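Commentary on secondary and tertiary structure
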Amino acid sequence: MKYNISEEINNKCIKFAEDSVNSSADHYAKRNQNNIEKIKKDIRVGKIAEQIVYEHFVKEYKTLSAPDYNIYSKGQKSWETDLKDSNNLKIAVKGQDIMSNIHFGESWIFQKGDGIKDCDKEIFKEKNNNYVAFVSLNIPKRIAEIRAVVKVSWLHDNDLFKETQQEYLKSNKVAVYYSDLEKFKEIYQL
């Protein structure tokens, strides 16, 4: 499922990344990520991916929450599921840009941490009714593609969380690789 990234959404996500990076820099530093420009790029990619997934699913799930563009201070941040609706549907969204794809293969990174705090809670703690939407982005060409949507429990059941290729991320992050996902027929299950 391919989508165009509008200039309006792109610019909105650039502004969001620039405005929010300072309130997130300390948190990223704890995860061995210190390059502010890379952090801004990651925030932008993630927010564009959220917007694409929201626009795709809001037609069917009318009460789905829109992406949150509020800027929170350090103590107010929430690391909850990206999108949710009134019927307890929760969709975590993971985005990857084209340059990361070229360097590391089509994959998406998850913050494992200790599995309790400083982790993707919806992935490693509250996994029952949650889904993950995997999005690949080519921002220079303004194209996004939802590559898969699966239950979190399905990812665990099929042992799809693997080590990252980047050595410095291996202590607190894991990855899901599209080459593993595409082996299954049920990758679009929502």
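Small disclaimer: the values here were computed from a predicted structure and weren't measured. (Residues numbered from 1 in each chain as written. Predicted model: local features only at pLDDT ≥ 70, side-chain atom pairs only at ≥ 80, totals over all residues. Heavy atoms only, no water.)

Pairing is antiparallel in the open sheet, where 3 strands are placed in the order S4-S8-S7. The open sheet terminates on both sides in strands that have one partner only, identified here as strand S4 (107-111) and strand S7 (162-163). Two elements, S4 and strand S8 (residues 173-177), share 5 bridges in a ladder whose sense is antiparallel. The residue of S8 that forms the bridge with glutamine 111 is lysine 173. (Pairing = 2+ DSSP bridges. Helix = DSSP H or I, 4+ residues; strand = E, 2+ residues; numbered from the N terminus.)

When we look at a pair of aromatic rings, we describe it by the centre distance and by the angle of the planes. Enumeration over the complete set of coordinates arrives at 7 aromatic pairs. Both rings, one in phenylalanine 16 and one in tyrosine 69, keep their centres 5.7 Å apart while their planes meet at 85°; by these two values the pair is edge-to-face. Separated by 53 residues along the polypeptide, phenylalanine 16 in helix H1 (residues 7-30) and tyrosine 69 in the loop between helix H2 (36-57) and strand S2 (83-84) bring together distant segments of the chain. For tyrosine 69, a relative accessible area of 19% gives the class buried. Centroid distance tryptophan 154 to phenylalanine 184: 4.9 Å. Interplanar angle 80°. Geometry classified as edge-to-face. (Phe/Tyr/Trp six-rings, centres within 6.5 Å; stacked < 30°, edge-to-face > 60°. Buried < 20%, exposed > 50% of the residue type's maximum accessible area, 1.4 Å probe, protein only.)

Moving on, we come to the sheet that holds S2. The 5 strands are arranged S1-S6-S5-S3-S2 in an open sheet whose pairing can be described as mixed. Each edge of the open sheet is held by one strand with a lone partner, namely strand S1 (2-4) and S2. Bridge count between strand S5 (residues 130-138) and strand S6 (residues 143-151): 8 bridges; the pairing is antiparallel. When the bridges of S6 are listed, valine 132 appears paired with valine 150. Across the sheet, H2 lies against S1, S2, strand S3 (90-97), S5 and S6, angled at about 130° from S3, the strand it touches most. (Contact = heavy atoms within 4.5 Å. Axes fitted to C-alpha atoms, helices over the stretch in contact; angles between N-to-C directions.)

Taken by themselves, the reported measurements are silent on function.
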